[in-house]
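Overview (structure and organization)
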Amino acid sequence: MSTLDPTDWSALRSLGHQMLDDMVDHLATLRESPVWRPMPAPVREGFKAPIPTQGTPPEALYETFQANIQPYITGNLHPRFMGWVHGGGNPVSMLAELLAGAMNANCGGRDHAGIAVERQVIAWAAEMLGMPAQTSGVLLTGSSMANFVAVLCARYKALGQEGRRDGVGGAKLTAYASAGVHRCVPGALDMAGLGSAALRRIPVDENFRMDIPSLRAAIAADKAAGCTSFLIVGTAGTVDVGAFDDLATLADIAAAENAWFHVDGAFGALAVLSPTLKPATAGIERADSVAFDFHKWAQVTYDAGCVLVRDPAIELAAFAQATNYLAAAPRGLAGGAPWPCDLGPDLSRGFRALKVWMTLSAYGTQALGDIVDDTCALAQRLASLITASNRLTLLAPVKLNIVCFGITGFSDAQTSDLVADLQEEGLFAPSTTTLNGKLAIRAAIVNHRTTAADIDALVAEVLRRV
Ligand SMILES: *Cc1c(COP(=O)(O)O)cnc(C)c1O
């Protein structure tokens, strides 16, 4: 018999202690390193090796990690990372990942504490969003999968078990979202077999919110053409500019049309934790389903997405499959149904819930709400510095934590070069987006480590280069 465990644990123990010390140092000294470093070609080549047939001591692998992996990682821990919408993680979540790895729990099902912790997290999420206590849901990789699960629940409501068994056939189901919808929503319709063209992208108003008269007109036109309007997707915090659709009105329209009302609140749903921002989310509590991430504004380490479904019977009916080898029992380890594998597409799944539970427990929703507020205040600070400069222009209203701006007289190519320079020099990592046909520099302030000094330094650095 060969086992992968060592006979003498002391070497592994001291390596583990070293790793933990180093990672705590890493978190404590983030500002001293560049935000991001491009991977040199030889380092990249090192990851094109053949599969090892013989082992390497973990001490040597750790050295490779320190030399070739750690320095070249995304950079989203860093306070000056402002690209895309990336969370900054937190130290308690890091430790929870160690514990979850040590437990190696399979949280697809069965009766154990991993499932209880996940149910607790789902109940907290429902409470946080004002949804009913019996709301069901699962943790997933991210909002892309959460939106997909929601689309499959909506499809189930429209087509029932026949749709699951026979496919969508010629059903003419149409869905609606704002033009600012995240690309994963048409992707979810594609994966659900409905086709991405089934999603009608409704124009937005000057505040980047879905234009309601246009939505009504699109639904009427589809009905006249014999389609069934089965799904309305509201966005709470668009990825481009952080806009909130009028969720309460969308809920009314969905109710009148007997359509499923889903909210993509990937990061914006967390605005419920801020007393000042919460009003923008009004109506989210009426959703049939909500997709959001703990790994963005809630600062849980990657990955941690969540879907909530108001009617637990629908989520179960949309995913459960009867199989002998997975039959639930009234007692024993096979008890405790329904299992997460009956509420989403994954069977084997890790213990994601532990880091979410530990993060929410360690900090509490008030502190997380303060981060939401603080990052929005920093976005306002950035917006006013931009407005005050005669070289910079705001390209979208700043309602949340996302600031899109342009440089007077700069072509799109110059803007793109400037952003890449900032990234490659390791100074700042904003990203870009295209708004009204013009390339914008986009700073999404998500990280709890970002300060006013970082914002001021970003503006100073951009102005120095224009
Ligand atoms: C980030 C984001 C998504 C995708 O979420 P992932 O966690 O990256 O899968 C979907 N919608 C919006 C609005 C987002 O910001």
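It is worth spelling out helix H8 (residues 212–224) at this point. Helix length check: H8, at 13 residues, gives a terminal C-alpha distance of 18 Å against a target of 18 Å (1.5 Å per residue), a fit within 8%. Every buried residue of H8 is accounted for by Ile212, Leu215, Ala218, Ile219 and Asp222. The buried residues of H8 occupy an angular sector of 120 degrees when projected down its axis, which confines them to one face. Among the exposed residues of H8, those pointing more than 90 degrees away from its buried face are Pro213 and Ala224. Among the structural elements, strand E2 (173–178), strand E3 (199–202), strand E4 (228–235) and helix H9 (247–257) are those in contact with the buried residues of H8. Backbone geometry just downstream of H8 places Gly226 in the positive-phi region, at approximately 85 degrees.

Turning next to the site of the ligand. In the region of the ligand, 13 residues are neighbours, and Ser144, Asp264, Asp293, His295 and Lys296 sit closest. A distance of 2.7 Å separates a nitrogen atom of the ligand from a polar side-chain atom of Asp264. In the model, an oxygen atom of the ligand is placed 3.0 Å from a nitrogen or oxygen of the His295 side chain. For the ligand, the protein covers 86% of the area, taking 380 Å² as the surface of the free molecule.

Before going further, it helps to spend a moment on the sheet that holds strand E8 (residues 392–394). Strand order in the open sheet formed by 4 strands is E8-E9-E11-E10, and the pairing between neighbours is antiparallel. Across the chains shown, the open sheet's two edge strands, defined by having one partner strand only, are E8 and strand E10 (431–435). This sheet shows a mean twist of 40 degrees between the axes of neighbouring strands, independent of strand direction. Taken together, the 3 bridges between E8 and strand E9 (residues 402–407) define a ladder with antiparallel strand orientation. Residue pairing across strands places Leu394 opposite Phe405, the latter belonging to E9. Sitting on the sheet, helix H12 (residues 412–424) touches E9, E10 and strand E11 (438–444), and the angle it makes with E11 is about 25 degrees.

Burial runs high along strand E5 (residues 260–264): 5 of the 5 residues are buried. Taking every second residue as pointing to the same face, both faces of E5 are buried, with Trp260, His262 and Asp264 on one and Phe261 and Val263 on the other. With 5 bridges joining them, E4 and E5 adopt parallel strand pairing. From the neighbouring strand, Ile232 faces E5, where its bridge partner is Phe261.

In this section: the nonpolar core. In this structure, Leu129, Phe292, Phe294 and Trp297 are the most contacted members of the largest nonpolar core, which totals 71 residues. Setting aside anything within four residues of it in sequence, one finds Leu129 in contact with Ala269, Val272, Ile284, Glu285, Val290, Phe292 and Leu308. In terms of nonpolar packing, the next biggest core, distinct from the first, is built from 35 residues, Val151, Ala188, Leu194 and Leu199 among them.

Conventions we followed
Residues numbered from 1 in each chain as written. Predicted model: local features only at pLDDT ≥ 70, side-chain atom pairs only at ≥ 80, totals over all residues. Heavy atoms only, no water. Helix = DSSP H or I, 4+ residues; strand = E, 2+ residues; numbered from the N terminus. Expected span 1.5 Å × (residues − 1). Buried < 20%, exposed > 50% of the residue type's maximum accessible area, 1.4 Å probe, protein only. Arc of directions from axis to C-beta. Contact = heavy atoms within 4.5 Å. Near = heavy atom within 4 Å. Polar contact = N/O pair within 3.5 Å; in protein donor to acceptor, adjacent residues only side chain to side chain. Areas by Shrake-Rupley, 256 points an atom, 1.4 Å probe, with all protein chains shown as cover. Pairing = 2+ DSSP bridges. Axes fitted to C-alpha atoms, helices over the stretch in contact; angles between N-to-C directions. Core = buried A, V, L, I, M, F, W, Y, C linked by side-chain atoms within 4.5 Å.

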